[in-house]
Amino acid sequence: MRRVEIVLMAVLLGSAPACIAQSATHTVRSLTPQAALKAAQAAMQSCAKSGFQVAVAVTDRAGTPLVMLRDRFAGPHTVDTATNKAYTALSFKTDTLAFARATMAQEAMSGIRQLPRVIAVGGGRGIESAGSLVGAIGVSGAPGGEADDVCAKAGIAAIADDLEL
């Protein structure tokens, strides 16, 4: 054998026990439906206090909706918009206000706005527990992304003590 092959085999054989010792699965955290409902209700109440009729969506860590609430006079578009704001925040691991700024027309990442389900308007926020994203919340229907974002923050604040930080 050539020297390179011998060294390669030694490296491979030396690391084999470490590979065998690793587990084939890992544990992940995800938001519960109960926590999602509590966050959605708090976000909706926050917007209602300001006189806004909104839709609120809360997703699990994969972006799949757990809860969707829509105030009776919120526009029909708000359901999909809220869900997609949560999806965007989760997918890009940033709130959608920051995402909107980072993907403006003159920015290098502006093309990312063309992807399906991506919403570059404030109101979407990730929900973290112990340093991991466990879900996301999206709010749509208030007058502007900044107002939606305030309500999304209120939803997260309502469950902050329930999340293991």
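The rules behind these values
Residues numbered from 1 in each chain as written. Predicted model: local features only at pLDDT ≥ 70, side-chain atom pairs only at ≥ 80, totals over all residues. Heavy atoms only, no water. Disulfide = S-S within 2.5 Å. Helix = DSSP H or I, 4+ residues; strand = E, 2+ residues; numbered from the N terminus. Buried < 20%, exposed > 50% of the residue type's maximum accessible area, 1.4 Å probe, protein only. Phe/Tyr/Trp six-rings, centres within 6.5 Å; stacked < 30°, edge-to-face > 60°. Lys NZ or Arg CZ within 6 Å of the ring centre and 35° of its normal. Contact = heavy atoms within 4.5 Å. Salt bridge = Lys/Arg side-chain N within 4 Å of Asp/Glu carboxyl O.

Chemist: Kindly report on the state of the cysteines, identifying the contributing residues and their values.
Modeler: A complete count under the given rule lists one disulfide for this structure. Cys47 shares a disulfide with Cys151; S-S distance 2.0 Å. The S-S bond linking Cys47 to Cys151 shows a torsion near 120 degrees; that makes this disulfide right-handed. Of this pair, Cys47 sits in helix α2 (residues 33-49) while Cys151 is found in helix α5 (residues 145-159), placing the two residues 104 residues apart along the sequence. For the pair formed by Cys47 and Cys151, the shared burial category is buried.

Chemist: For the packing of aromatic side chains, give the residues involved together with the corresponding values.
Modeler: Note on aromatic pairs: each is described by the distance of the centres and the angle between the planes. Tallying each qualifying case throughout the model produces one aromatic pair. Taking NZ or CZ as reference, Arg117 lies 3.9 Å from the ring centre of Tyr87, over its face.

Chemist: Summarise the environment of Ala36; cite the residues concerned and give the values.
Modeler: Residue placement: Ala36 occurs in helix α2. Once the C-alpha coordinates of Ala36 and Ile156 are considered, the two residues, 120 residues apart in sequence, prove to be 9.2 Å apart. Ignoring anything within four residues of it in the chain, the contact list for Ala36 reads Leu31, Val58, Leu66 and Val67.

Chemist: Tell me about the pattern of salt bridges, and please be specific about residues and values.
Modeler: Across all of its chains, the model carries four salt bridges by this definition. The salt bridge partner of Lys85 is Asp148, with a shortest N-O separation of 2.7 Å. Of this pair, Lys85 sits in helix α3 (residues 77-92) while Asp148 is found in helix α5, placing the two residues 63 residues apart along the sequence. Note on accessibility: Lys85 and Asp148 belong to one class, buried.

Any functional reading would require information beyond the geometric quantities listed.
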